[in-house]
Amino acid sequence: MSQLLHQQLSRVVLSRCPSYSKWHQIRKLVTKTTDPFHPEVSDVIDVRAPLEYEVDHIPGAVNLPVLDDNQRTEVGTVYSKDSFEARKLGASLVSRNIADHITNYFSAKRQEYCPLVYCWRGGQRSQSLAIVLSQTGFRVKVLDGGYRTYRRAVIRDLEHLPHHLTFKVITGLTGSGKTLLLHTLQEHGAQVLDLEGLARHKGSLLGLWHQDKQPSQKLWESHLRHHLTTYDPARPVWVESESRKVGRLIIPPALFSKMCEGDRVEVCVPTAERIKHILNDYPHWIEDSEALKQVLTPLKKIRGQQMLDAWFRLIDQGKWEEFIESLLLEHYDITYTVSQKKNSLAKEKDVVQMDDLSEKSCLQFVHQVLQ
């Protein structure tokens, strides 16, 4: 369908050209590249529909669709009945959308601006915007092969990039402040891969970020690939110990295998400090106890009705410290130990004792492990 739409746009441009050779000159103003992160690129523009963009996109790309979701459906419906009418409708919609993008987004750009434009296959949708931008005077690049080529590169790189890196893994029971320690390491110059941050999930039953949702598996992999390309192989990458999944997202096999091989630093924090940390980290569950009960209900299958009833009573009575302590000892700590053994992670490790998770203690941890 996008090819038909582009033919209409081509006719408009050709009508303004004195010769067909002039048309080829216009096409040459648009440069093809296979590198979406080319150093000359000022901006990455994804012209696919919003739903396509949401599933996956090049990190940092701006979504400026030449046809939005409803328009794609509308044109497709008309096309199934009358292709010529669909061409006219599509040409009109694409032209209006491009005009809006020029006015609302590109009008403030300077002449040295160099956007990279891509669509599904690097064909007509991206070319339709790219030709107009090039005629405006911008230096425009189109991603050769489009998103499909990019996606193949992501799959390939996630298989190979981890093999060139060395990982150091922070382990510890739930509530030990592993993510806090990762962030402190990063603030002091260490290379860090925050899997839970990229997954928008804390990796546990209650781990989904408040009022948020996880990215798709493809988008998660795009972000992982992007981060892996930024690391210096001569230096270790710090990561938090995870099971094979973070929420519903699967860690790519090659990356997970390299994590399992990494040297491990186990953090040991008193239970009382773990409880305090969890209370600070999950305030929304306390504010919505009924939602908390719904999330806990599936644990009946593995912990039993009696245990579930005991947790619910503590929640109803507002005994949050007792509830969290019971949840840790009767569920999380057991699950963590089993997971470490299942994933062959119960290997030799350095142990760091921490009295609390204060800023001073976190700094002491960083200085100790970096030395």
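Preceding block: the structure.
Residues numbered from 1 in each chain as written. Predicted model: local features only at pLDDT ≥ 70, side-chain atom pairs only at ≥ 80, totals over all residues. Heavy atoms only, no water.

This brings us to the environment of L182. The residue L182 is located in helix α8 (residues 178-187) in this model. According to the relative accessible area criterion, L182 is buried, its value standing at 0%. (Helix = DSSP H or I, 4+ residues; strand = E, 2+ residues; numbered from the N terminus. Buried < 20%, exposed > 50% of the residue type's maximum accessible area, 1.4 Å probe, protein only.)

So, about helix α18 (residues 359-370). Between its first and last C-alpha atoms α18 spans 17 Å; for 12 residues at 1.5 Å apiece the expected length is 16 Å, and the two agree. In the core, the buried residues of α18 are packed alongside β6 (167-171), α8, β8 (237-240), β11 (263-268) and β12 (350-353). (Expected span 1.5 Å × (residues − 1). Contact = heavy atoms within 4.5 Å.)

Before going further, it helps to examine the side chain of Q71. Secondary-structure assignment places Q71 in helix α4 (residues 69-79). The class of Q71 is buried, set by a relative accessible area of 13%. For Q71, the side chain forms a polar contact with the side chain of N97, separated by 2.8 Å. When residues no more than four places from it in sequence are discounted, the contact partners of Q71 are V66, L93 and N97. (Polar contact = N/O pair within 3.5 Å; in protein donor to acceptor, adjacent residues only side chain to side chain.)

Glancing now at the pattern of salt bridges. Here the structure, examined in full by the defined rule, presents 19 salt bridges. For E52, the salt bridge is made with R125, and the minimal N-O distance between the two is 3.0 Å. In this pair, E52 is assigned in helix α3 (residues 50-55) and R125 in helix α6 (residues 124-136), connecting sequence segments 73 residues apart. Assessed through its relative accessible area of 12%, R125 is described here as buried. K202 is paired through a salt bridge with D281; the nearest N and O atoms lie 3.6 Å apart. Pair noted here: K202 is in the loop between α9 (195-199) and α10 (217-228) and D281 is in helix α12 (residues 271-281), with a separation of 79 residues, a long-range link. (Salt bridge = Lys/Arg side-chain N within 4 Å of Asp/Glu carboxyl O.)

Another point: helix α14 (residues 289-296). Buried within α14 are the following residues: L292, K293 and L296. End-on, the buried residues of α14 take up no more than an arc of 100°, which puts them together on one face. Turning to α14, the residues buried within the fold contact α13 (283-287), α15 (300-303), α16 (305-316) and α17 (320-342). (Arc of directions from axis to C-beta.)

Here we come to the nonpolar core. Core analysis: the largest hydrophobic core is formed by 32 residues, its most contacted members being F167, L193, L195, W220 and L255. Apart from residues no more than four positions distant in its own chain, L255 is found in contact with P162, F167, L193, L195, L224 and L228. (Core = buried A, V, L, I, M, F, W, Y, C linked by side-chain atoms within 4.5 Å.)

On to the packing of aromatic side chains. A full pass over the atoms with the stated rule returns 6 aromatic pairs. Here the aromatic rings of Y113 and F138 are separated by 5.4 Å at their centres, their planes lie at 80°, and the arrangement is edge-to-face. Linking Y113 in the loop between α5 (83-106) and β4 (115-118) with F138 in the loop between α6 and β5 (140-143), this pair joins segments that are 25 residues apart in sequence. With relative accessibility at 7%, the residue Y113 sits in the buried group. Sitting over the face of the ring of Y105, K109 holds its NZ or CZ atom 4.7 Å from the ring centroid. (Phe/Tyr/Trp six-rings, centres within 6.5 Å; stacked < 30°, edge-to-face > 60°. Lys NZ or Arg CZ within 6 Å of the ring centre and 35° of its normal.)

Of the volumes computed, that of the largest pocket is approximately 1,100 Å³. Contributing to the lining of the largest pocket are 42 residues, with E196, K202, G203, S204 and E242 lying nearest its centre. Among the elements of the structure, α8, α9, α12, α15 and α17 are those that each provide at least two residues to the lining of the largest pocket. Here the lining of the largest pocket takes 8 residues from α17, the largest share from any one element. (1 Å grid on protein atoms, 1.4 Å probe; cavity = no way out; pocket = protein on both sides within 12 Å on 5 of 7 lines; lining within 4 Å. Points joined across faces, edges and corners; volume = space filled by probe spheres on them.)

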